[in-house]
Number of protein chains: 2
Amino acid sequence: MAQLSDNIEQFIKDLMHEDARVDLRRNELAQHFGCAPSQINYVLATRFSVDHGYIIESRRGGGGYVRIVRMQTRSESGFLDMLLNRVGNSISEETANAIISNLAEKGMVTGNEAALIRSAIARSALSLPVSSKNVLRAAVFRNMLIQVFRNYEEGKRDDV
Amino acid sequence: MAQLSDNIEQFIKDLMHEDARVDLRRNELAQHFGCAPSQINYVLATRFSVDHGYIIESRRGGGGYVRIVRMQTRSESGFLDMLLNRVGNSISEETANAIISNLAEKGMVTGNEAALIRSAIARSALSLPVSSKNVLRAAVFRNMLIQVFRNYEEGKRDDV
DNA sequence: CTATATTGACCATCTTTGACTATTATAAAC
DNA sequence: GTTTATAATAGTCAAAGATGGTCAATATAG
């Protein structure tokens, strides 16, 4: 089932296992995977966004490159502030999921916890319009309970 | 005479004989049985629901799949069933917290997970009235993020 | 007759590609 | 040395492809 995009993502993450920064040639990488160069941009956009905790820099022309940098966080409280700011008053499920992935990659939440958070903020959990907090709470809680049992079933293993 | 749905159900259950989890291609399976793809959804909805002890996950697009996950034992899925029933359509924060404590006592969730669930369904997280899912999601997510960092700063300790 | 099953039309989401554009380095011309 | 042409990169965006989801109409089994 592994998709081209997933393979490229993994390839890059392997490269970054040691270093917080990696440079690569877009065209070379595309050739290595036998795909269109713009495919690389797609992977970067969907898996290495700022919300995922990465910054992309690049340069065109001879000797051009694409640089992927894993963002560093100074302090935990600063990081939390930044995240709360990013979330703000409104956030899409996709953006939230990117942030959750980032937290999981950083080891700040376990895979189970990440899944639990996802289940609480999923579109399907937030039934609107809703008349009372109790009704809304039930919807969110139900989703989380199901998630708990999914985790429990897998023997608390962390695969997300 | 065995219905198509029964055959598909059996086929999937055979696949799951060994593993508690199986991934399949909806279209492939439909083709295998010479039926409409949506027939697969029907089978999943009627025979692999949460009530039946299964959880369905899926992904669209290239490399898409349908994943069926079985909960470990009948008693566990029965327990979940009971809980979902108890939650029903509406639940107070107090009742929900009691359920969460019970799950923690049984060791089905860690202390961190319990705290995370509480933070998602707290009165303060469920800001109503609210105009959009994104706004509501932000409120819930913010609460959970704060909880994540509280857990993390406490050294990932699990005290309930 | 009623409950269950089946299908098909239409929708939503994710991925891959290709044509066109933008930028930079290097070599050539002056 | 500056200007100009050419090659070498990378970026953007929209279209096409590849899946799966939903729902209402219809058919079938009991």
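Residues numbered from 1 in each chain as written. Chains lettered and ligands numbered in written order. Predicted model: local features only at pLDDT ≥ 70, side-chain atom pairs only at ≥ 80, totals over all residues. Heavy atoms only, no water.

## Observations regarding the protein's contact with DNA strand C
Quick reminder of the rule: One heavy atom suffices: a residue is near a molecule or strand as soon as one of its heavy atoms comes within 4 Å of it. A 3.5 Å cut-off defines polar contacts: any pair of N or O atoms within that distance qualifies, except that in protein one atom must be a possible hydrogen donor and the other a possible acceptor, and neighbouring residues in sequence count only when both atoms are side-chain atoms. The helix and strand labels rest on DSSP assignments: H or I over at least four residues marks a helix, E over at least two residues marks a strand, and numbering proceeds from the N terminus. Ten residues, namely Ala, Val, Leu, Ile, Met, Phe, Trp, Tyr, Cys and Pro, are considered nonpolar, four, namely Asp, Glu, Lys and Arg, are considered charged, and the remaining ones, Gly among them, are considered polar.
The local shell around DNA strand C holds 26 residues, among which Arg59 of chain A together with Ser5, Ser38, Tyr42 and Arg59 of chain B are the closest. Among the atoms of DNA strand C close to the protein, meaning within 4 Å, 64% are from sugar or phosphate groups. Taking Gln3 of chain A, its side chain carries an N or O atom lying 3.4 Å from a phosphate oxygen of DNA strand C. The separation between a phosphate oxygen of DNA strand C and a polar side-chain atom of Arg47 of chain B is 3.0 Å. Of all elements in the fold, only helix H1 (4-15) and helix H3 (37-47) of chain A together with helix H1 (4-15) and helix H3 (37-47) of chain B reach the threshold of two or more residues within the surface near DNA strand C. The residue inventory of the surface near DNA strand C, partitioned by class, reads eight nonpolar, twelve polar and six charged.

## With respect to the sheet that holds strand S1 (residues 21-24) of chain A
Note: strands within a sheet are paired through backbone hydrogen bonds, in either parallel or antiparallel orientation. Residues and elements named next belong to chain A. Note the cut-off: Criterion used throughout: strands pair if DSSP finds at least two bridges between them. Axis lines are fitted through C-alpha atoms, for helices just across the contact stretch, and the angle between N-to-C directions can take any value from 0 to 180 degrees.
Reading across the sheet, the three strands line up as S1-S3-S2 and stay open at both edges, with antiparallel pairing between neighbours. Either end of the sheet is taken by a strand with one partner, and the two such strands are S1 and strand S2 (54-59). Taking each pair of neighbouring strands and ignoring which way they run, the sheet shows an average axis angle of 15°. As paired strands, S1 and strand S3 (residues 65-70) are joined by four bridges and run antiparallel to one another. Each residue of the ladder has a partner; that of Val22, found in S3, is Ile68.

## Observations concerning the protein's contact with DNA strand D
Taken together, 30 residues surround DNA strand D, and among them Asn41 and Arg60 of chain A together with Arg25, Arg26 and Asn41 of chain B come closest. Close to the protein, within 4 Å, the atoms of DNA strand D are drawn from sugar and phosphate at a rate of 65%. One nitrogen or oxygen atom from the side chain of Arg60 of chain B is found 2.9 Å from a sugar or linking oxygen belonging to DNA strand D. Here Gly63 of chain B contributes a backbone N or O atom positioned 3.4 Å from a phosphate oxygen of DNA strand D. Residue assignment for the surface near DNA strand D shows that the elements contributing at least two residues are helix H2 (26-33), H3, S2 and S3 of chain A together with helix H2 (26-32), H3, strand S2 (54-59) and strand S3 (65-70) of chain B. Split into classes, the residues belonging to the surface near DNA strand D amount to five nonpolar, 17 polar and eight charged.

## Quick notes on the pattern of salt bridges
Residues and elements named next belong to chain B. Operational definition: Any Lys or Arg side-chain nitrogen located within 4 Å of an Asp or Glu carboxyl oxygen qualifies as a salt bridge. Residue exposure (1.4 Å probe, protein chains only): buried if accessible area is under 20% of the type maximum, exposed if over 50%, otherwise partly exposed.
In total, this model carries 17 salt bridges over all chains according to the counting rule given. Where Lys13 meets Glu9, a salt bridge forms, and the shortest distance between an N and an O atom there is 2.8 Å. With Lys13 and Glu9 both in helix H1 and four residues apart, this pair spans about one turn of that helix. A relative accessible area of 16% means that Glu9 is categorised as buried. One salt bridge connects Glu57 with Arg67, and the closest N-O pair in it is separated by 3.7 Å. Here Glu57, found in strand S2, pairs with Arg67, found in strand S3; they are ten residues apart in sequence, far enough to count as distant. For Arg67, a relative accessible area of 13% translates into the label buried.

## Quick look at the side chain of Glu113 of chain A
Convention followed: Whether two residues touch is decided by their heavy atoms; if any such pair falls within 4.5 Å, the residues are in contact.
Mapping Glu113 of chain A onto the fold places it in helix H6 (residues 111-121). Overall, Glu113 of chain A belongs to the buried group, its relative accessible area being 6%. Once residues within four sequence positions are removed from consideration, Glu113 of chain A is found in contact with Met108 of chain A together with Thr110, Asn112, Glu113 and Leu116 of chain B.

## A word on the interface of chain B and chain A
Let me state the cut-off plainly: Buried area is calculated as the accessible area (1.4 Å probe) missing from two parts once they are joined, with the contributions of both summed.
Of the residues lining the interface, 66 residues belong to chain B; the matching set on chain A comes to 57 residues. In total, chain B and chain A occlude about 5,600 Å² of area from one another, counting both sides; carbon and sulfur atoms represent 71% of this. Looking at the side of chain B facing chain A, the largest losses of area belong to Arg137, Phe141 and Phe149 of chain B, adding up to 13% of the total buried there. On inspection of chain B and its partner chain A, the count reaches one salt bridge. In this structure, Asp6 of chain A and Arg59 of chain B form a salt bridge, with 3.9 Å as the shortest nitrogen-oxygen distance. Applying the counting rule to chain B against chain A returns twelve residue pairs in polar contact (both at pLDDT 80 or more). Listed by contribution, the elements that provide at least two residues to the side of chain B that touches chain A are strand S1 (21-24), S2, S3, helix H4 (74-87), helix H5 (93-105), helix H6 (111-121) and helix H7 (133-153) of chain B. Take the side of chain B that touches chain A: its biggest share by element is 16 residues, from H7 of chain B. Residues belonging to the side of chain B that touches chain A are distributed by class as follows: 37 nonpolar, 13 polar and 16 charged.

## A short note on the sheet that holds S1 of chain B
All names here are of chain B. Judged by pairing direction, the sheet is antiparallel, and its three strands sit side by side in the order S1-S3-S2 without closing on themselves. The outermost strands of the open sheet, each flanked by one partner alone, are S1 and S2. Going from strand to strand, the sheet's axes swing by 15° on average, the running direction of each strand aside.

## Details of H1 of chain B
All names here are of chain B. Applicable threshold: Helix span, as expected, comes to 1.5 Å for every residue beyond the first. The directions from the helix axis to the C-beta atoms are what the arc is built from.
The end-to-end C-alpha distance of H1 is 17 Å, a good match for the 16 Å that twelve residues give at a rise of 1.5 Å each. Looking only at H1, the buried set comprises Ser5, Ile8, Glu9 and Ile12. Viewed along the axis of H1, the buried residues span an arc of 100°, placing them on a single side of the element. Elements in contact with the buried residues of H1: S1, H2, H3 and S3.

The analysis is restricted to geometry; functional conclusions fall outside its scope.
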